[in-house]
Amino acid sequence: MLAPIVIFAFNRPNSLQRMIASLRQNPLYEESEKFIYVDGPRTDDDRDKVNEVIVIAKAVTPNVFISSVNKGLGKSIIAGVSAVIEKYGKAIVLEDDLVFTPNFLSYMNAALDFYETDNRIISICGYGLKIKRPKDYLGDVYLSGRSSSWGWATWKDRWQQIDWEIKDWNQLTVDRKRQKAFNKNGSDMFAMLKDYMEERNHSWAIRFCYNQFKLGKYSICPFLSKVNNEGFGENATNCKQRYSRFKTNMDMEPSFEFSFDRNILPNKEIEKECYHYHSMLLRIYSKIRKILHI
C-alpha cells in the first residue's frame, strides 16, 4: 500500500502550485491518496492568499481540511499527521515550499517498506545534506541522528512514541552531559528546544528530533537529495533569507531503483560531515549573511 501524502499549506499559492507540479512528475502521484491541510489567516492581509491556496488544494484532492483560525505550522502538523497516520499506519509529510525530483515518491515508498520493521529507524528523509559518500560505502542512503522536516515520512508506531510536551524538560535543563550529547546532532539542538520551551519558537521539528535522540533512533537520508527547499526569502514563514547553509546534491538523473542496506550502521565520516552543517562556525556565518540580507 502506498503511503498517503499529507501536505501543509498556508498563504503561498505560487509555492503550492510549484510543489504540486513537481509531485505530478512522479509516477506514483495519481495513485497516492492526498490530504491537504490549509492553515487559517494570521491577519486580514493573509485572507486572499489563503483563499487562493484553498482553490488550488481543492483542485488536487477532495481531502482538504481548512482551519478557520491560524493554528501555526507546529499544531497543524501534529494534528494532521496524527489523524492520517492513525488510519493508514504511515504517511509522507510535505510543506508547500518544497520541490521534488521525479523519483521522490518512489524512493519514499520503497524506503518506508524496506525499513518498516527496523525499529532503529524513526523516519525516512527525502532531503539529504551534501555528504561525500565514503570509500567502499554500500547503499544510496546514510543514517543520521537528526531528522529533516523537508519532505519526510514515518510510521504510526514511531509517531506515537513522540512526547510532544517534553515531560522530562526539567531534568534536561540541569543535565549538562545530556545536553552535550543532544548537541552532537548539531550545536543548535538544545538551544532550539530551549527556545520552544520558553515560547520563543513553535517548532514541532525540534521536539521530534529531541525524542529521536532520547529514543536512540536514526533517520534514513539519501546522498542524492530528492527534495529542494525553496522557502528562503522574504515570503518564507520560517526562513526569511536567500542564503542556506543546508547545501545538497540534487538527484539530477533520477533512478527508480534504490540500494538499501539491511545492516546499515552509523558512519563516523558521515556523522562528522553532518555536524559541520550545524556547527557553531557555520551558524555564525549564516547569521551574518541573514543580517546583511545576502
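Structure report, in brief. Note that this is a predicted model, so its numbers are computed, not measured.

Quick look at the pairing of strand β9 (residues 218-222)
In regular strands, side chains alternate between the two faces of the sheet.
Reasoning step 1: With four of its five residues buried, β9 lies for the most part within the structure.
Reasoning step 2: As judged from the three bridges shared by strand β6 (residues 121-125) and β9, these two strands associate in the parallel manner. Looking across to β9, one finds that Ser-123 is bridged to Ser-219.
Reasoning step 3: Summarising the sheet, strand β7 (residues 141-144) and β9 pair through four bridges and their orientation is antiparallel. Considered in β9, the bridge of Tyr-142 is made with Cys-221.

Notes on the sheet that holds strand β2 (residues 34-38)
Backbone-to-backbone hydrogen bonds pair the strands of a sheet. The strands run either parallel or antiparallel.
Reasoning step 1: With mixed pairing, eight strands are arranged side by side in an open sheet as β3-β2-β1-β4-β8-β6-β9-β7. In this open sheet, the two strands that pair with only one neighbour each are β3 (64-66) and β7. The sheet shows a mean angle of 25 degrees between the axes of neighbouring strands, direction not considered.
Reasoning step 2: Where strand β1 (residues 5-9) and strand β4 (residues 90-95) come together, four bridges link them in parallel fashion. Within β4, the residue paired with Ile-5 across the bridge is Ile-92.
Reasoning step 3: Along the sheet, helix α1 (residues 13-24) makes contact with β1 and β4, crossing β1 at roughly 160 degrees.
Reasoning step 4: Packing against the sheet, helix α2 (residues 47-60) makes contact with β1, β2 and β3, and its axis sits at approximately 170 degrees to β2.

Definitions and cut-offs
Residues numbered from 1 in each chain as written. Predicted model: local features only at pLDDT ≥ 70, side-chain atom pairs only at ≥ 80, totals over all residues. Heavy atoms only, no water. Buried < 20%, exposed > 50% of the residue type's maximum accessible area, 1.4 Å probe, protein only. Helix = DSSP H or I, 4+ residues; strand = E, 2+ residues; numbered from the N terminus. Pairing = 2+ DSSP bridges. Axes fitted to C-alpha atoms, helices over the stretch in contact; angles between N-to-C directions. Contact = heavy atoms within 4.5 Å.

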